[in-house]
Amino acid sequence: MSAIEEKLEVVKKRIAAAKARSPYRQDVTLVAVTKFHPLEDMEEVLRLGVKEVGENRVQELEDKRSRLKMPVVWNLQGHLQKNKVKKAVAAADLIQSVDSVEIMEEIDKRAGQAGKVQDVLLEFNISGETSKYGLPPESLDEAAAKAGMLPHIRVKGLMCMAPMVEDVEMTRPVFRRAHEMWEVLKTYFPKGQVSVLSMGMTRDFETAIEEGATMVRVGTAIFGERNYANGKGETK
Ligand SMILES: *Cc1c(COP(=O)(O)O)cnc(C)c1O
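The rules behind each value
Residues numbered from 1 in each chain as written. Predicted model: local features only at pLDDT ≥ 70, side-chain atom pairs only at ≥ 80, totals over all residues. Heavy atoms only, no water. pLDDT = per-residue confidence, 0-100. Contact = heavy atoms within 4.5 Å. Near = heavy atom within 4 Å. Polar contact = N/O pair within 3.5 Å; in protein donor to acceptor, adjacent residues only side chain to side chain. Areas by Shrake-Rupley, 256 points an atom, 1.4 Å probe, with all protein chains shown as cover. Nonpolar A, V, L, I, M, F, W, Y, C, P; charged D, E, K, R; others polar. Salt bridge = Lys/Arg side-chain N within 4 Å of Asp/Glu carboxyl O. Helix = DSSP H or I, 4+ residues; strand = E, 2+ residues; numbered from the N terminus. Buried < 20%, exposed > 50% of the residue type's maximum accessible area, 1.4 Å probe, protein only. UniProt positions renumbered as here; feature names shortened; annotations may be inferred.

Comments concerning the confidence of the model for the protein
- Of the residues in the protein, 97% have a pLDDT of 70 or more, and the chain-wide mean is 96.
- Between residues 232–236, whose pLDDT stays under 50, and residues either more than four places distant or in other chains, the model counts 16 contacts.

Take a look at the structure:
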């Protein structure tokens, strides 16, 4: 077994155990976060049964997409600049990081030009940390109503990140609030459309699943530490 295979097995077991503790009995999709890791690592987890990958930067996603010869669902989850939206719409299956009304409108515009309806998640900054991107939680109703009026985006759910804290238990209130907001978000869209609650990363995915996450985004626990100095540019 390779190192990645071993780590992936451990992550899958931890996901299964957390699901068993969750009162929501939800299915959980694993997004393997491949940013700053080579294409070969992505290919390996796809061979091992992973169906979705996540990247933070449009250019890295495009680059890997052009070289990968295997089917996969591409998630884009990093803060998006307006001038990258056109490329993001062309390359991403699900844009998880809709963190402002301005970006929402730009995605709608570019998707319209491309003749596409873009699946998105609304990202909320639930902990209110100034270092984090995301719509303010108070704007949930406004953002949902706005998104519902844009014909070229389809809101599939909500994404959030918990604060980085020493005691992972401190993330629980954030995930719980996200779950409550997700239930409200559902009421704005046709039944069944809002099905994704994307929360939980390496340090906190088990808590997120216990609080109802249907999608976890895990990088380090599968691939090890990222090497930011490998010539692929700055991180976000
Ligand atoms: C990098 C990143 C992840 C994965 O983080 P790990 O701690 O390596 O699991 C998940 N979500 C987002 C938005 C990220 O930027």
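Looking at the site of the ligand
- Every residue lining the ligand is accounted for by V33, K35, N56, Q77, M161, M201, T202, R217, V218, G219, T220 and R226.
- Measuring from an oxygen atom of the ligand, one finds a side-chain N or O atom of T202 at 2.5 Å.
- Take R217: an N or O atom from its side chain is 2.8 Å from a nitrogen atom of the ligand.
- When the ligand is considered free in solution it has 390 Å² of accessible area, and contact with the protein chains removes 93% of it.
- Taken together, the residues of the shell around the ligand sort by class into four nonpolar, five polar and three charged.

A few points about the pattern of salt bridges
- A complete count under the given rule lists 18 salt bridges for this structure.
- Put simply, R172 and E211 hold a salt bridge, and the shortest N to O gap is 2.8 Å. Residue R172 is found in helix α7 (residues 172–186), and its partner E211 is found in the loop between α8 (205–210) and β8 (215–218); the two are separated by 39 residues along the sequence.
- Here E211 falls in the buried class, since its relative accessible area comes to 4%.

Things to note about the UniProt feature "modified residue: N6-(pyridoxal phosphate)lysine" (unreviewed entry) in the protein
- UniProt's entry tags K35 with the feature "modified residue: N6-(pyridoxal phosphate)lysine" (unreviewed entry), counted in the numbering of this structure.
- With respect to the helices, strands and loops of the structure, K35 is situated in the loop between β1 (29–33) and α2 (39–47).
- Taking relative accessible area as the criterion, K35 reaches 12% and is therefore assigned buried.
- Contacts of K35, omitting those with residues within four sequence positions, involve G54, E55, N56, E60, K64, Q77 and R226.

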